[in-house]
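Spelled out from the first residue to the last, the chains are:
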Amino acid sequence: MALLPLALSGCTQQSSTPNPGPSDPDDVETGPWDGSAQTLPERTDAIGQTAYSDCHYKLPPNTQVTACDDPSLFFDRSSCPSDAFNSLDSTGTYQIVTRTVSGLTYASFGLRIPSDGTPSTLFDGGRDVAFLGGIPQKEGTPLTQQQVGAGSFSFSMTFPWNPPRDFARSYLFAGCTRPEPDRINGCFALCSNGGIRSVGTFTAVRTHWGRGEAESGGGLTLVSETAAPLPQSGEVTVAKNHAYVVGLPTNNYSGGLAVFDVSDRAHPVLVKSLPFGNATPTYAVAARGDALYVGGFGRYGGGFLVYDISNPADPQPVGVQSSVGSLFVDGDRLYTTGGQGADVQVYDISTPLAPVLLQRVTPLVEGTTGPLGVSAWQGRLYVNHGVGGFLAFDVSNPTSFRQLGGYNFVNQYSNASVVGTFAGRTIAFEAGQGLNAHLRVLDVTDPNQMRLIGEHTLRSEFSINHLVLKGTRLYTTWFQEGVRVLDVSIPTQPHEVAFFNTYRETDTGRKGRTLEGASGIHVPGDGYVYVADTHRGLLIFNEP
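Scoring rules and cut-offs
Residues numbered from 1 in each chain as written. Predicted model: local features only at pLDDT ≥ 70, side-chain atom pairs only at ≥ 80, totals over all residues. Heavy atoms only, no water. Disulfide = S-S within 2.5 Å. Helix = DSSP H or I, 4+ residues; strand = E, 2+ residues; numbered from the N terminus. Buried < 20%, exposed > 50% of the residue type's maximum accessible area, 1.4 Å probe, protein only. Polar contact = N/O pair within 3.5 Å; in protein donor to acceptor, adjacent residues only side chain to side chain. Contact = heavy atoms within 4.5 Å. Pairing = 2+ DSSP bridges. Axes fitted to C-alpha atoms, helices over the stretch in contact; angles between N-to-C directions. Core = buried A, V, L, I, M, F, W, Y, C linked by side-chain atoms within 4.5 Å. Phe/Tyr/Trp six-rings, centres within 6.5 Å; stacked < 30°, edge-to-face > 60°. Lys NZ or Arg CZ within 6 Å of the ring centre and 35° of its normal. pLDDT = per-residue confidence, 0-100. Salt bridge = Lys/Arg side-chain N within 4 Å of Asp/Glu carboxyl O.

Asker: Mind laying out the state of the cysteines, listing which residues take part and the relevant values?
Answerer: One way to say it: the disulfide is the covalent bond shared by the sulfur atoms of two cysteines. Using the criterion set out here, one finds three disulfides in the structure. The residue that forms a disulfide with Cys55 is Cys187, at a sulfur-sulfur distance of 2.0 Å. The sign of the -100 degrees torsion about the S-S bond sets the Cys55-Cys187 disulfide as left-handed. One end of the pair, Cys55, is in the loop between β1 (12-13) and β2 (56-57); the other, Cys187, is in strand β10 (residues 183-192), and 132 residues separate them in sequence. Residue classification places Cys55 among the buried residues on the basis of a relative accessible area of 12%. Its relative accessible area of 1% is what places Cys187 among the buried residues. One disulfide in the model links Cys80 with Cys176; its S-S distance is 2.0 Å. Taking the sign of the S-S torsion, -110 degrees for the link of Cys80 and Cys176, the bridge is left-handed. One end of the pair, Cys80, is in the loop between β3 (75-76) and β4 (92-100); the other, Cys176, is in strand β9 (residues 169-180), and 96 residues separate them in sequence.

Next up, the structure:
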């Protein structure tokens, strides 16, 4: 089965035209970029079909079994190194990816083994809306047995299934090798209705800081951290010395808006909390003048809210527009996605508190996801259309938009983008979401001939949610990889100059899911970086 994580909004923030040239004294090249770039081959986001481990299965699929919890009955692990797990911690969180013997499907899970003695649990790989076995799993599924620690990594779990198929499903995982200190590869079996349904391999990566990193580097210094009264913080914007944080949906689909006075960045003060109740998840937030736009209501009815923030500490609702999942403000225009159809809505916000719908743009592309994120630059609209790819439109004429071209490949899930001008070339920084997704640098000067000219990758299990371009610095929130700041003065060679690992296994509510950690980001140019972390709330950093 394929359990892809539900995409978050691909909200982006644009700045003025970047000045070409390196901004980091350690650049390996000197002088401004001349615009030349080699076209790179597209390697796609596919993760291949190679087994994670050399597993030998004692029992083939469809074999009847009485239980699915004893690795010695299912796997021959005699070739596994006997000392692979001698130094393994007995607690922690792991992101687990499975692959069947066919190599064509995978499922993603989060494993949480607490240090406080509470039961260990397995979660689906996305957000707090978990549907393991077809029913909501509010607090995850408890393990039925586990041997995790010095010498072993194995566990099993069983969960029920919805009627009329009234039978249980069980997973059994058994580690074999440890190719890296924070990664475990092994074998798994899926049992149901008294028999083996499927067997395959898995990889489990420890979700704490990767690559042996410290908490931070490059001068991205934490100024303050303030908890938000939200189930999960998702996106943030800043206006009038106030930070506005919106909440992502959880098991109860409860969203909300938290308002912080950030006049003293070292000591933010929560001044208002607006819970929206059930069936009202929030995915996006943006501001323009005295207006605050809060989006994300469309999946469950309603629309995006418009608030009057002439008194920034006390937002007052003034209207509801069509439903959205992401927002992008570009001058007097507001672009929204995720409404009732597979289109982008374009609003005139020259009067910010009274948006006027100009038209709807329906991308001509195959794929059922619809637009997830948008960005705009110099008369063009760029749409992240999930499996439909990355698309460009001419929006210079407000009454007649034209689709110009795009960038698409198999297994794409385009989620976020931001665009700027470098050495006279129009350069897009595009990010997908899902396994093996990463940052792509595209030359989109000719939208009919978009070219891949650069890439930046981290661990394949974690992907980017949000992008901000400020000058020659690209700010990203990379979920469990935290906040990453890249020097893109030479777009073909993006390289990291600062980072902060916001993810901590010990934070309340962490479960090891893919879409946990640094989520939203805003860099308004006031010397600070504002980040919404799903479980830590509002984080403010010095701008490096």
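From this point, things continue past the structure.
Asker: Quick one: what's the story with the side chain of Ser224, residue by residue and with numbers?
Answerer: Relative to the assigned elements, Ser224 resides in strand β13 (residues 222-226). Looking at Ser224, its side chain comes within polar contact range of the main-chain oxygen of Arg265, at 2.6 Å. Every residue in contact with Ser224, bar those within four places of it in the chain, is listed here: Arg265, Ala266, Pro268, Leu538, Leu539 and Ile540.

Asker: Any details on the environment of Tyr335? Residues and values, ideally.
Answerer: Mapped onto the elements, Tyr335 comes out in strand β23 (residues 333-337). With relative accessibility at 1%, the residue Tyr335 sits in the buried group. A sequence separation of 39 residues divides Tyr335 from Val374, and the C-alpha atoms of the two residues are 7.1 Å apart. With residues near it in sequence (within four places) discarded, Tyr335 still touches Ser326, Leu327, Phe328, Asp330, Val344, Gln345, Val346, Val374, Ala376, Leu381 and Val395. In terms of polar contacts, Tyr335 uses its side chain to reach the side chain of Arg333, at 3.1 Å.

Asker: Before we move on, can you summarise the sheet that holds strand β40 (residues 537-542) with the specific residues and values?
Answerer: By definition, the strands of a sheet pair up through backbone hydrogen bonds, in either a parallel or an antiparallel sense. Taking strand neighbours across the sheet as the criterion, the four strands line up as β13-β40-β39-β38 in an open arrangement whose pairing is antiparallel. What marks the edges here is a single partner per strand, and that holds for β13 and β38 (518-522). Going from strand to strand, the sheet's axes swing by 20 degrees on average, the running direction of each strand aside. Sheet analysis places strand β39 (residues 528-533) next to β40, joined by six bridges and oriented antiparallel. Looking at the pairing, Val531 lines up with Leu539 of β40.

Asker: Explain the nonpolar core residue by residue, including any values.
Answerer: Within the largest apolar cluster, 23 residues are counted, with the highest numbers of intra-cluster contacts made by Ile96, Leu111, Leu122, Phe153 and Phe173. When contributions to this core are tallied by element, the ones reaching two or more residues are β4, β5 (106-113), β7 (141-149), β8 (152-159), β9, β10 and β11 (195-206). Other than its neighbours up to four places away in sequence, Leu111 contacts Gly92, Thr93, Tyr94, Ile96, Thr121, Leu122, Leu143, Phe153, Phe155 and Lys511. Within the second largest apolar cluster, 20 residues are counted, among which are Trp33, Ile427, Val441 and Leu486.

Asker: Describe the packing of aromatic side chains, listing the residues and the values that go with them.
Answerer: One pass over the structure, following the stated rule, counts 16 aromatic pairs. Both rings, one in Tyr171 and one in Phe188, keep their centres 6.1 Å apart while their planes meet at 40 degrees; by these two values the pair is tilted. Residue Tyr171 is found in strand β9, and its partner Phe188 is found in strand β10; the two are separated by 17 residues along the sequence. The pair formed by Tyr171 and Phe188 is uniform in burial state, with each residue classed as buried. A cation over an aromatic ring shows up here: Arg99 above the ring of Tyr52, its NZ or CZ 4.2 Å from the ring centre.

Asker: If you had to explain the confidence of the model for the chain to someone new, which residues and values would you point to?
Answerer: When pLDDT is low, close inspection of the predicted coordinates is not appropriate. In this model, the chain carries a mean pLDDT of 85, and residues with pLDDT of at least 70 account for 83%. Across residues 14-30 the pLDDT falls below 50, and counting only partners more than four positions away or on other chains, this stretch makes 47 contacts in the model.

Asker: Now, about the environment of Leu357: what can you tell me, with residues and values included?
Answerer: Within the secondary structure layout, Leu357 lies in strand β25 (residues 356-361). Here Leu357 falls in the partly exposed class, since its relative accessible area comes to 38%. The sequence separation of Leu357 and Leu334 amounts to 23 residues, and the corresponding C-alpha distance is 9.2 Å. The residues contacting Leu357, other than those within four sequence positions of it, are Gln345, Val346 and Tyr347.

Asker: Hey, could you go over the pattern of salt bridges for me, with residue numbers and the actual values?
Answerer: A full pass over the atoms with the stated rule returns 26 salt bridges. Its salt-bridge partner being Arg484, residue Glu481 comes within 3.9 Å of it at the nearest N-O pair. Accessibility classification places Glu481 together with Arg484 in one group, the buried group. Ionic pairing is found between Glu496 and Arg484, a salt bridge with its closest N-O pair at 3.0 Å. Remark: Arg484 occurs in strand β36 (residues 483-487) and Glu496 occurs in strand β37 (residues 495-500); sequence separation between them is twelve residues. A single salt-bridge network, built from bridges that share partners, covers Arg211, Glu213, Arg459, Glu481, Arg484 and Glu496.

Asker: Lay out the sheet that holds strand β24 (residues 344-348) with the relevant residues and their values.
Answerer: Taken together, the four strands give an open sheet; going across it, the order is β22-β23-β24-β25, and neighbouring strands pair in antiparallel fashion. On the outer flanks of this sheet lie β22 (326-330) and β25, each paired with one strand and no other. Taking each pair of neighbouring strands and ignoring which way they run, the sheet shows an average axis angle of 20 degrees. Note that β22 and β23 share five bridges and pair antiparallel. Paired with Phe328 across the bridge in β23 is Tyr335.

Asker: Account for the pairing of β9, with residues named and values stated.
Answerer: Two faces make up the sheet, and in a regular strand the side chains alternate between them. Summarising the sheet, β8 and β9 pair through six bridges and their orientation is antiparallel. Of the residues in β9, the one forming a bridge with Ser154 is Ala174. Pairing analysis gives nine bridges linking β9 to β10, with the strands arranged antiparallel. Its bridge partner lying in β10, Glu180 is registered against Arg183. Between β9 and β10, which follow one another and run antiparallel, lie two residues.

Asker: Could you give an account of the pairing of β37, with specific residues and numbers?
Answerer: By the bridge criterion, two bridges tie strand β12 (residues 216-217) to β37 in an arrangement that is antiparallel. For Gly217, the partnering residue across the bridge sits in β37 and is Phe499. Both β36 and β37 contribute to a ladder of five bridges, which runs antiparallel. Within β37, the residue paired with Arg484 across the bridge is Phe499.

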